Amino acid sequence: MKFIHLTDTHVIGGGRMLFGADPARRLARAVDSINAEHGDADFVMLTGDMTHWGDAEAYRAFHAEIARLRVPLHLMVGNHDDTEALAVQFPELPRDRHGFVQYAFDTAQGRAICLDAKRPGSHAGSYCAARRDWLAAELAACDGPVLLFMHHPPFRVGIAGMDAIRMQDADPFYEVIAPHLPRIRHLFFGHLHRAVFGNWRGLSFSCMRGLNHQVALDLTAGPETIPGTLEAPAYGVVLLDAEQVVVHLHEFASAAPRFPLHAPEGQDTRRYQLEMTHRGFDDL
């Protein structure tokens, strides 16, 4: 099975720039790349922050680009999203009985469970008792492998400004998933605007970069600062089978040259490798 992990598109309306970049154009390029390179994917999972300010104009701009995807799409909410404004453009958006954007669906490699960790009025996340009850019921209703998706990570990653706005209910959340850890294959999330991979209390996880702006890797800044950067946008290409989960980070807009690492037949490989140059690119 293959799917695409896309996150933090932060679209704004009116063709305007955000931090000096055009989020709608970057989303358009991501959609073009997915259609051209990964049209065989089973689905695209977008783990929240579709827009930057959660306004109707931005959701219209987001919808105009994401509707061009040729593979099924699953949406989740993040701290920058407005659930009601989102639902106007996507009335089919699944919600639980309390109105949270939580749902589950079956895949060829397990049950995908999508969580809503949005905390109204805050950029930090939360996972209240009602949502935990829903998750507990979903986990109890299936006995096979599980893939978890959410926007906020429930743990620190060492960037103080982002750690301050992580999902705040880590221990109660963990109590719900702990009995099922042997069959939870991976946790996918966004929010950090960085590629981050690791393991939390026995659960492997991965996070992808956003499409517009990123969070710089600064482990010394205090919690009052979130360091920004315009590193290349990327999405995740996830490959799963019965034995493994593999997550590739794809810098789809990279201008880096591509070339064979071995010489064409009939040429000396060592000479080819030494003389291969891409002038103006390698300035390190």
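Calculation criteria
Residues numbered from 1 in each chain as written. Predicted model: local features only at pLDDT ≥ 70, side-chain atom pairs only at ≥ 80, totals over all residues. Heavy atoms only, no water. Buried < 20%, exposed > 50% of the residue type's maximum accessible area, 1.4 Å probe, protein only. Helix = DSSP H or I, 4+ residues; strand = E, 2+ residues; numbered from the N terminus. Pairing = 2+ DSSP bridges. Right-handed = clockwise from strand over helix to strand, strands pointing away. Core = buried A, V, L, I, M, F, W, Y, C linked by side-chain atoms within 4.5 Å. Contact = heavy atoms within 4.5 Å. Axes fitted to C-alpha atoms, helices over the stretch in contact; angles between N-to-C directions. Parallel < 35°, antiparallel > 145°, perpendicular 65-115°, else oblique. Left-handed = near helix turned anticlockwise from the far one by under 90°. Nonpolar A, V, L, I, M, F, W, Y, C, P; charged D, E, K, R; others polar. Phe/Tyr/Trp six-rings, centres within 6.5 Å; stacked < 30°, edge-to-face > 60°. Salt bridge = Lys/Arg side-chain N within 4 Å of Asp/Glu carboxyl O.

Draft legend 1. Examining the pairing of strand β2 (residues 43–46) more closely. Residues Phe43 and Met45 line one face of β2 and the alternating positions Val44 and Leu46 line the opposite face, and both faces are buried. Bridge count between strand β1 (residues 2–6) and β2: 4 bridges; the pairing is parallel. In the strand pairing of β2, histidine 5 is matched with methionine 45. What joins β1 to β2 is helix α1 (residues 23–37), and the crossover it makes is right-handed. As paired elements, β2 and strand β3 (residues 73–75) share 3 bridges and run parallel to each other. Along β3, the bridge assignment pairs valine 44 with leucine 73.

Draft legend 2. Geometry of the nonpolar core. Within the largest apolar cluster, 41 residues are counted, with the highest numbers of intra-cluster contacts made by Leu6, Phe62, Ile66 and Phe149. Per element, the largest residue contribution to this core is 5 residues, and it comes from α1. What phenylalanine 62 contacts, discounting residues up to four positions off in sequence, is Thr9, Val11, Leu27, Leu46, Met50, Thr51, Leu75 and Phe90. Of all hydrophobic cores here, the second largest spans 33 residues; its members include Cys142, Phe173, Val176 and Leu181.

Draft legend 3. Quick peek at the packing of helix α4 (residues 129–141) against helix α6 (residues 170–177). Where α4 contacts α6, the axes come no closer than 9 Å and their chain directions differ by 20 degrees. One finds that α4 runs roughly parallel with respect to α6. You can see that α4 and α6 cross each other, and the crossing is right-handed. Listed contacts from α6 to Arg132, Leu135, Ala136 and Leu139 of α4 are Pro172, Phe173, Val176 and Ile177. Within the contact of α4 with α6, the residues separate by chemical class into 7 nonpolar, no polar and 1 charged.

Draft legend 4. Region of interest: the packing of α1 against helix α2 (residues 56–66). Between α1 and α2, the least distance of the axes is 9 Å, while the angle of their chain directions is 20 degrees. Here α2 runs roughly parallel to α1, going by the angle between their axes. By crossing handedness, the relation of α1 to α2 is classed as right-handed. Of the residues in α2, those touching α1 at Ala24, Leu27, Ala28 and Val31 are Phe62, Glu65 and Ile66. Split into classes, the residues belonging to the contact of α1 with α2 amount to 6 nonpolar, no polar and 1 charged.

Draft legend 5. The arrangement of the packing of aromatic side chains in detail. Tallied over the full model, the rule gives 15 aromatic pairs. Relative to phenylalanine 205, the ring of phenylalanine 155 has its centre 4.5 Å away and its plane inclined at 35 degrees; by these criteria the two rings are tilted. Taken together, the residues span a long stretch of sequence, with phenylalanine 155 in the loop between β6 (146–149) and α5 (160–163) and phenylalanine 205 in strand β9 (residues 203–207) at a distance of 50 residues. Residue phenylalanine 155 shares its accessibility class with phenylalanine 205, and that shared class is buried. Between phenylalanine 173 and tryptophan 200, the ring centres sit 6.4 Å apart and the planes meet at 10 degrees, which makes this aromatic pair stacked.

Draft legend 6. Geometry of the pattern of salt bridges. This structure, assessed with the given rule, holds 12 salt bridges. Ionic pairing is found between glutamate 65 and arginine 68, a salt bridge with its closest N-O pair at 3.2 Å. With a relative accessible area of 34%, arginine 68 lands in the partly exposed category. Where salt bridges share partners, they join Asp32, Glu65 and Arg68 into one cluster.

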